[in-house]
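Chain and residue survey
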Amino acid sequence: MTSKELFKAKEILKENNISASPIEFWETEKYYQIAYITYAGNFFIDRFNK
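All figures in this text were calculated on a predicted structure; none of them were measured in a lab. (Residues numbered from 1 in each chain as written. Predicted model: local features only at pLDDT ≥ 70, side-chain atom pairs only at ≥ 80, totals over all residues. Heavy atoms only, no water.)

1. Considering the nonpolar core
Core analysis: the largest hydrophobic core is formed by 9 residues, namely Ala9, Ile12, Leu13, Ala20, Phe25, Tyr32, Ile34, Tyr36 and Phe48. Dropping the residues within four chain positions of it, Tyr36 is found in contact with Leu13, Ile18, Ala20, Ser21, Pro22, Ile23, Asn42, Phe43, Phe44 and Asp46. (Core = buried A, V, L, I, M, F, W, Y, C linked by side-chain atoms within 4.5 Å. Buried < 20%, exposed > 50% of the residue type's maximum accessible area, 1.4 Å probe, protein only. Contact = heavy atoms within 4.5 Å.)

Shown next, in the form of structure tokens:
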């Protein structure tokens, strides 16, 4: 993940009130998909609409 993608992923998580560290970031035409780990150690992959 590039630093630009990392910044974008952190902003999307912050906008959705998710306190976590992004691991991977994918961007498609309709949505963003982010794999992240919460500070409690839980792993999630979520989609966010553009």
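2. Remarks on a nonpolar patch on the surface
Together, Ile23, Trp26, Ile37, Phe43 and Ile45 give the surface a local cluster of nonpolar side chains, amounting to about 450 Å² of exposed area. Going through the elements one at a time, β1 (20–27) and β3 (43–49) are the ones with two or more residues in the nonpolar patch. Tracing the sequence through the fold places Ile45 in strand β3. (Patch = residues over 30% accessible without salt bridge, like charges linked within 9 Å, V, L, I, M, F, W, Y side chains within 5 Å. Areas by Shrake-Rupley, 256 points an atom, 1.4 Å probe, with all protein chains shown as cover. Salt bridge = Lys/Arg side-chain N within 4 Å of Asp/Glu carboxyl O. Helix = DSSP H or I, 4+ residues; strand = E, 2+ residues; numbered from the N terminus.)

3. Here we look at the pairing of β1
Examined bridge by bridge, β1 and strand β2 (residues 31–38) share 7 bridges and lie antiparallel to one another. The residue bridging Trp26 from the neighbouring strand is Gln33, located in β2. Connecting β1 to the next strand, β2, in antiparallel fashion are 3 residues. (Pairing = 2+ DSSP bridges.)

4. Concerning unusual backbone geometry
One non-glycine residue, Asn17, lies in positive phi territory at about 55°. By the element assignment, Asn17 lies in the loop between α1 (3–15) and β1.

5. A short note on the pairing of β2
Burial analysis of β2 places 6 of its 8 residues in the buried class, the great majority of the element. Counting the residues in the hairpin turn of β2 and β3 gives 4 residues, including Gly41, whose phi is positive at 100°.

6. Some thoughts on the pattern of salt bridges
Counted under the stated rule, the structure contains 2 salt bridges. For the salt bridge of Glu27 with Lys8, the shortest nitrogen-to-oxygen distance reads 3.5 Å. In this pair, Glu27 is assigned in strand β1 and Lys8 in helix α1, connecting sequence segments 19 residues apart. Residue Glu27 is classed as partly exposed on the basis of its relative accessible area, which comes to 42%. Salt-bridge contacts for Glu27 lead to Lys50; the nearest nitrogen and oxygen are separated by 3.2 Å. Taken together, the positions of Glu27 in strand β1 and Lys50 in the segment after β3 put the pair 23 residues apart, joining distant regions of the chain. Among the charged side chains, a network of salt bridges with common partners joins Lys8, Glu27 and Lys50.

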